[in-house]
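Chain by chain, the residues:
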Amino acid sequence: MRATFARIHLENLRHNINYIRTKIKPSAKMCITVKADAYGHGAVECARVAVECGVDFLAVATVLEGIELRKAGIDVPIFLFSLCQKEEIKDVVLNRLTPFIFDDEYFELFAEECKKLEITNFPVHLAVDTGMGRLGCLPEQAADKAQKILDTGVLKLEGMCTHFAVADSLKKSDIKYTKFQFENFLRAIDFVKAKGINPGIRHCANSAITLAFPDMHLDMCRSGITVYGYYPGDFTKKYFEKSGEKVFLKPVMELVSKILSIRDFEEGRAVSYGRLWYSKQKTKIAVLPIGYADGLFRRFNEIKGGLKVCIKSKPYSIRGRICMDQCMVDIADGNGINRFDEAVIFGAKENGAYFSAQELADLTGTISYEITCGISKRVPRIFVN
Ligand SMILES: *Cc1c(COP(=O)(O)O)cnc(C)c1O
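Residues numbered from 1 in each chain as written. Predicted model: local features only at pLDDT ≥ 70, side-chain atom pairs only at ≥ 80, totals over all residues. Heavy atoms only, no water.

Turning next to the pattern of salt bridges. If you walk through the whole model with that rule in mind, you get 19 salt bridges. Its salt-bridge partner being Asp104, residue Lys145 comes within 2.8 Å of it at the nearest N-O pair. Here Lys145, found in helix 7 (residues 142-151), pairs with Asp104, found in helix 6 (residues 104-116); they are 41 residues apart in sequence, far enough to count as distant. Members of the salt-bridge network, linked through shared partners, are Arg2, Asp294, Asp325 and Arg378. (Salt bridge = Lys/Arg side-chain N within 4 Å of Asp/Glu carboxyl O. Helix = DSSP H or I, 4+ residues; strand = E, 2+ residues; numbered from the N terminus.)

The following block contains the structure:
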């Protein structure tokens, strides 16, 4: 096994799912998104935990992600959030992935495939663009689109959905926009109902909405980032701090790399590409076999005060540029630190990490999603229960 790995704390995932469940209106269903390899945490294992916890739906973004889950024996309904190619439609149908679709060409392509395979009542969800500007029909078109789905004779309108653009923001103007989108969605649903068509499961809530706007849960919540242990945005966190309500989310991923070399450095020696850092005094430099090809991005070098890793519960600074496969840590006199000791790059503070993925994101102008999704395939995931 590699000396660099991501420890995935499934007990924390279980905790987060069960906790979020208590935040969802009891009558509403729960969908957990495991797209992008469960935000980098390992889709199959996370999906299994989610199923054990009794979630109603899972969600992926690509057809291959869906097939991976089916091959692993995951049997619950799986949504396909993104659109697929024409050539993939057969696999979508055969693997019982539930697409979010909204235009006539896709209705026809799916219907054709279902007829070929002699499948009827194939569930699809009608996506409505209420202001995200990504996918979906306009609210005014919803009734016509719903009718077209029924007219195929083989597709079933199982639900209607939309997605928010600024759900994680608590700026006044953004809250207004979120409410505007929600009203638009209700309008689309009313158009469909007015035509005598049952809209099925109505859903729009991502993690931010699930926590901050309980009156927008409708029939289902689609939670992603919170089940992996992070707030959807700083604003959501502030919102809860202000309200005094405690949200207990536990980060699921812990990124670890073991020291493979410790060397003595005299004063004035350069470290790494660009020789941006020189030892100012006698010290010890440890090498970790982790670099930007693993998702330890070069931009982490820009963090004010430097990136710090935790060795035996104490923080030490990364010095010099992060390389593709390695980086160097100043361990000072190195007392008590040995070769093969673990350095924690990020993780739960309770487990002794100096930085959380959330802080790394905040300090480098991105979001926690990008940090965990960025941990590359060559980093083995070690699952602990
Ligand atoms: C990714 C995604 C979600 C989950 O978003 P989080 O912010 O991680 O909760 C919900 N709905 C759609 C359509 C998505 O693409």
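Here Thr364 is to be found in the loop between helix 11 (357-363) and helix 12 (368-373). Overall, the relative accessible area of 15% leaves Thr364 in the buried class. Remark: the alpha-carbon pair of Thr364 and Arg299, spanning 65 residues in sequence, is separated by 7.0 Å. Those residues within four positions of Thr364 in sequence are excluded, and the remaining contacts are Arg299, Phe300 and Ile303. (Buried < 20%, exposed > 50% of the residue type's maximum accessible area, 1.4 Å probe, protein only. Contact = heavy atoms within 4.5 Å.)

Take unusual backbone geometry next. Of note, Asn121 is a non-glycine position whose phi angle comes to about 60°, a positive value. Within the secondary structure layout, Asn121 lies in the loop between helix 6 and strand 6 (122-127). Positive phi is not limited to glycine here, since Ser272 has a value of about 70°. Tracing the backbone through its elements, the reader meets Ser272 in the loop between strand 12 (270-271) and strand 13 (277-278). For Ser272, a relative accessible area of 22% corresponds to the partly exposed category.

So, on to helix 4 (residues 63-71). Of the residues making up helix 4, those classed as buried are Val63, Glu65, Gly66, Ile67, Leu69 and Arg70. Structurally, helix 4 contributes buried residues whose contacts are with helix 2 (35-40), helix 3 (43-52), strand 3 (57-60), strand 4 (78-80), helix 5 (89-94) and strand 5 (97-101). One or two residues past the end of helix 4 sits Gly73, with phi positive at roughly 90°.

The next subject is the site of the ligand. Neighbouring the ligand are 13 residues; Lys35, Tyr39, Ser207, Ile225 and Tyr369 lie closest to it. Between the ligand and Gly224, the relevant distance is 3.0 Å, taken from an oxygen atom to a main-chain nitrogen or oxygen of the residue. In this structure, Ile225 approaches the ligand through a main-chain N or O atom, which is 2.8 Å from an oxygen atom. Here the ligand loses 90% of its free accessible area of 390 Å² to cover by the protein chains. Looking at the shell around the ligand, the elements with two or more residues in it are helix 2 and strand 9 (220-223). Residue classes in the shell around the ligand are distributed as 4 nonpolar, 6 polar and 3 charged. (Near = heavy atom within 4 Å. Polar contact = N/O pair within 3.5 Å; in protein donor to acceptor, adjacent residues only side chain to side chain. Areas by Shrake-Rupley, 256 points an atom, 1.4 Å probe, with all protein chains shown as cover. Nonpolar A, V, L, I, M, F, W, Y, C, P; charged D, E, K, R; others polar.)

Take the pairing of strand 1 (residues 4-9) next. Remark: a regular strand shows side chains that alternate across the two faces of the sheet. In terms of burial, strand 1 is a largely internal element, 6 of the 6 residues being buried. Burial along strand 1 is two-sided: the residues Thr4, Ala6 and Ile8 and Phe5, Arg7 and His9 are all buried. Taken together, the 4 bridges between strand 1 and strand 19 (residues 381-384) define a ladder with parallel strand orientation. Bridge pairing links Arg7 to Ile382 in strand 19. (Pairing = 2+ DSSP bridges.)

What follows deals with helix 7. All of the buried residues in helix 7 are Ala142, Ala143, Lys145, Ala146 and Ile149. Buried residues along helix 7 cover an arc of 165° about the axis, so they all sit on one side. Tucked into the core, helix 7 has its buried residues touching helix 6, strand 6, strand 7 (155-161) and helix 8 (172-194). Where helix 7 terminates, the next one or two residues include Gly153, which has phi positive at roughly 80°. (Arc of directions from axis to C-beta.)

On to the packing of aromatic side chains. A ring pair, where both rings are aromatic, is described by two values, the distance of the centres and the angle of the planes. Under the definition given, this model contains 11 aromatic pairs. Measuring from centroid to centroid gives 6.3 Å for Phe110 and Phe122, while their planes differ by 15°, and the two rings are stacked. Residue Phe110 is located in helix 6, and its partner Phe122 is located in strand 6; the two are separated by 12 residues in the primary sequence. Take Phe110 and Phe122: they sit in the same class, and that class is buried. Members of the aromatic cluster, joined through ring pairs, are Phe57, Phe79, Phe81 and Phe100. (Phe/Tyr/Trp six-rings, centres within 6.5 Å; stacked < 30°, edge-to-face > 60°.)

Before going further, it helps to examine the sheet that holds strand 3. Spatially, the 8 strands close up into a barrel ordered 2-3-4-5-6-7-8-9, and their pairing is parallel. Pairs of neighbouring strands in the sheet enclose a mean axial angle of 30°, with direction left out of account. Here 3 bridges tie strand 4 to strand 5, and the two strands are oriented parallel to one another. Within strand 5, the position partnered with Ile78 by the bridge is Leu97. (Axes fitted to C-alpha atoms, helices over the stretch in contact; angles between N-to-C directions.)

The strand order across the open sheet built from 9 strands is 11-14-17-16-15-18-10-1-19, with neighbouring strands paired in mixed fashion. Looking along the sheet, the strands with just one partner apiece sit at the ends: strand 11 (261-265) and strand 19. On average, each strand axis in the sheet is tilted by 35° relative to the strand beside it, whichever way the strands run. Note that strand 16 (residues 314-319) and strand 17 (residues 327-330) share 2 bridges and pair antiparallel. Bridging across to strand 17, Arg319 finds its partner in Met328. In the packing of helix 1 (residues 10-23) onto the sheet, contacts are made with strand 1 and strand 19, and the angle to strand 1 comes to roughly 40°.

Nothing here speaks to function; it is geometry throughout.
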